[in-house]
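# Working through the structure, step by step
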Amino acid sequence: RSFTNIQNGDTLTNPVALAYGVEGMKVHPAGEIIEGTGHHHLLIGLDSVAAGQVVPADKSHIHYGGGQTADTLELPAGNVKLSLQFADGMHASYGSKMSHTVEVFIK
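Every value quoted in this text rests on a predicted model; they were computed, and no experiment measured them.

Next up on the list: the overall build of the protein chain. Summing up its helical and strand segments, the protein chain has 0 helices and 9 strands in all. From first element to last, N terminus to C terminus, the protein chain shows the α and β order β-β-β-β-β-β-β-β-β. Against the 2.2 N^0.38 benchmark of 13 Å for 107 residues, the protein chain shows a C-alpha radius of gyration of 13 Å, consistent with a compact globule. Projected onto its principal axes, the C-alpha coordinates of the protein chain cover approximately 40 × 20 × 20 Å. Per-residue burial over the protein chain gives 39% buried out of 107 residues. Contacts in the protein chain between residues at least 24 apart in sequence constitute 66% of all its contacts with a sequence separation of at least 6. In the structure as shown, the protein chain presents an accessible area of about 5,500 Å², 50% of it carried by carbon and sulfur atoms. Mean positive and mean negative side-chain charge positions of the protein chain (6 and 10 charges, respectively) differ by 4 Å.

This is the structure we're talking about:
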């Protein structure tokens, strides 16, 4: 539940390549609940989702339900908060303990 290729305070250029990692759990596609597994969600401009709450699906909540661990996307210019949220197979958040937030500058 961390970004593996960027850090807080980085300056990035569009399109932004992001890579995601997790410790203590395994990445597994959405669709079934298997203990010790889940998948990533990228929250743009937002903090973590409370434990047990379903992560919404919209332009600020990007789901990686296929089990993806990387993406390349266009982000808004300026200071941007990015939160990586790990959730179970039905998109229910594991909460702040399985979330990581950075603030970056997009050129």
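Going through the model one piece at a time under the given rule, you end up with 3 aromatic pairs. Between F3 and Y20 the ring centres are 6.1 Å apart and the planes differ by 70°, which places this aromatic pair in the edge-to-face class. Note that F3 is positioned in strand β1 (residues 2–3) and Y20 in strand β3 (residues 16–21), a separation of 17 residues in sequence. With relative accessibility at 5%, the residue Y20 sits in the buried group.

Strand order in the open sheet formed by 3 strands is β1-β3-β7, and the pairing between neighbours is antiparallel. The open sheet has two free edges, formed respectively by β1 and β7 (70–73), since each of these has just one partner strand.

Conventions we followed
- The residue numbering used here restarts from 1 in each chain and proceeds along that chain's sequence as written.
- Owing to the predicted nature of the model, reporting of local features is limited to residues with pLDDT of at least 70; listing and counting of side-chain atom pairs is limited to 80 or more, with chain, interface and lining totals taken over all residues.
- To obtain the side-chain values, all non-hydrogen atoms of the structure were included, while hydrogens and water were left out.
- The helix count covers DSSP runs of H or I at least four residues long, the strand count covers runs of E at least two residues long, and both are numbered beginning at the N terminus.
- Atoms counted for the radius of gyration: C-alpha only. Globule rule: 2.2 Å times residue count to the power 0.38.
- Each residue is placed in one exposure class: buried if its accessible area under a 1.4 Å probe, protein chains only, is under 20% of its type's maximum, exposed if it is over 50%, and partly exposed if it falls in between.
- Between two residues, a contact is recorded if the distance between any of their heavy atoms is within 4.5 Å.
- Using a 1.4 Å probe, accessible areas were evaluated by the Shrake-Rupley method; residue-level cover was limited to the displayed protein chains.
- Asp and Glu count as negative and Lys and Arg as positive, but His and the ends of the chain are not part of the count.
- For the purpose of locating charges, the reference atoms are NZ of Lys, CZ of Arg, CG of Asp and CD of Glu.
- The pairing test for Phe, Tyr and Trp rings, Trp by its six-membered ring, is centres within 6.5 Å, and the orientation test on the planes gives stacked under 30 degrees, edge-to-face over 60, and tilted for anything in between.
- Here a strand pair is declared whenever DSSP counts at least two bridges between the two strands.

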